Amino acid sequence: MEKVIMCFPGQGSQKPKMAIDLYNYSSTVKKLFEEASDISHLNLYKILAEGDAEELKQTEIAQNAIILASLSAYSLLLEKGIEPLACAGFSLGELMALRASEIIDNEKLFNLVQKRSLLMAQASAEATKQYGEMGMAAVLNLNKAGIEEVINNTNYKNVFVANNNTESQVVISGVKEEIDSIAPLLKEKGARRIIMLKVSGPFHTPLLKSAEIEFDKYLNKVVLNSPKVDVYSNVTGKIEKDMKPFIPKQITNKVQWIEIMKDMKERFPNQGILEVGVSNTLTNFFKSEDMVCNPCGTVEQIEGI
């Protein structure tokens, strides 16, 4: 068996027709589509084969579809004799990392994704009703410290640093009106561009506190196994032996992806890294740390390993 570090993308990586080639290629993947659709009460094959980008943007649909795509690719890698040495998932992708480290099985994975997506959609709707339209935006060429300085020097109380991706890409999240208003100030500080993301909620902010609380209650009833391989927490940016306290906190806390990459570079030098899912987002993040990560979410990519 070949061992690699496996990383799993998060929400925003979804796109129409993703994983359909895997479905057509493998009976194993067909069964995963059926299982995920039964638990989510969504016809995920129809949604992915026929749906458009706007439909896939909806939180419940996006989260179920992304996890299904990653699990499908992961299952084919296992069949090919490629196993994880360590796992990390970006935001939502952390649930897939729990599966790859065998903390949970497929059924628990699909149930956790379904519950998480519903709670986050509900909390987002509540926040929208109270504050107005929500959103997230990538800020390029300005680091976390610079962004937080701008935010702290304004009266905007509902915009937050959400994802610390790289030294030159940080995501802010919250009320869209406040994101739009703070954008010129960020550019004055040195930001080159500010790009709105394909998501429908203020993820990784205190605005989703109700979702964190309810997901914590739900998770307390779920039995988790000890990890078979190392798994990283988004909240701490480190390998954690007991992930249970951090899984619900991740909904409202920053994604410390840059810390995860730095730890991997030190702990697993020259180790192969795969981005398991239909995305090259994490692949590009690793480039910022002079690390090589290969996207691995299509039949062609999996066969090419």
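Residues numbered from 1 in each chain as written. Predicted model: local features only at pLDDT ≥ 70, side-chain atom pairs only at ≥ 80, totals over all residues. Heavy atoms only, no water.

1. Structural notes on the packing of aromatic side chains
Part 1 of the reasoning: On inspection of all chains with the given rule, the structure shows 8 aromatic pairs.
Part 2 of the reasoning: Here the aromatic rings of tyrosine 23 and phenylalanine 33 are separated by 4.9 Å at their centres, their planes lie at 70°, and the arrangement is edge-to-face. Separated by 10 residues along the polypeptide, tyrosine 23 in helix H1 (residues 20-25) and phenylalanine 33 in helix H2 (residues 27-40) bring together distant segments of the chain. For the pair shown, tyrosine 23 and phenylalanine 33 are each scored as buried.
Part 3 of the reasoning: For the pair phenylalanine 90 and tryptophan 257, a centre-to-centre distance of 5.6 Å together with 65° between the ring planes defines the contact as edge-to-face. A residue pair is termed long-range when its members are at least 10 positions apart, and phenylalanine 90 in the loop between strand E2 (82-89) and helix H6 (93-100) and tryptophan 257 in helix H12 (residues 257-267) qualify at 167 residues. Neither residue differs from the other here; phenylalanine 90 and tryptophan 257 are each classed as buried.
Part 4 of the reasoning: In this structure, lysine 30 is placed above the aromatic ring of tyrosine 23, and the distance from its NZ or CZ to the ring centre is 5.1 Å. (Phe/Tyr/Trp six-rings, centres within 6.5 Å; stacked < 30°, edge-to-face > 60°. Helix = DSSP H or I, 4+ residues; strand = E, 2+ residues; numbered from the N terminus. Buried < 20%, exposed > 50% of the residue type's maximum accessible area, 1.4 Å probe, protein only. Lys NZ or Arg CZ within 6 Å of the ring centre and 35° of its normal.)

2. Some points on the pattern of salt bridges
Part 1 of the reasoning: Taken as a whole and assessed by the stated rule, the structure comprises 12 salt bridges.
Part 2 of the reasoning: Ionic pairing is found between lysine 209 and glutamate 212, a salt bridge with its closest N-O pair at 3.3 Å. Here lysine 209 pairs with glutamate 212, and both are found in helix H10 (residues 209-219), just 3 residues apart, close to one helical turn.
Part 3 of the reasoning: The class for glutamate 212 is buried, based on a relative accessible area of 11%.
Part 4 of the reasoning: Counted as one network, the salt bridges with shared partners bring together Lys144, Glu148 and Lys254. (Salt bridge = Lys/Arg side-chain N within 4 Å of Asp/Glu carboxyl O.)

3. Thoughts on the sheet that holds strand E7 (residues 230-231)
Part 1 of the reasoning: The 5 strands lie next to each other as E7-E2-E1-E8-E9, forming an open sheet whose pairing is parallel. Each end of this open sheet is capped by a strand with a single partner; those strands are E7 and strand E9 (294-295).
Part 2 of the reasoning: The sheet strands contacting helix H5 (residues 59-79) are strand E1 (2-8), E2 and strand E8 (273-275), and the helix crosses E2 at an angle near 155°.
Part 3 of the reasoning: H12 contacts E1 and E2 of the sheet and is inclined by roughly 140° relative to E2. (Pairing = 2+ DSSP bridges. Contact = heavy atoms within 4.5 Å. Axes fitted to C-alpha atoms, helices over the stretch in contact; angles between N-to-C directions.)

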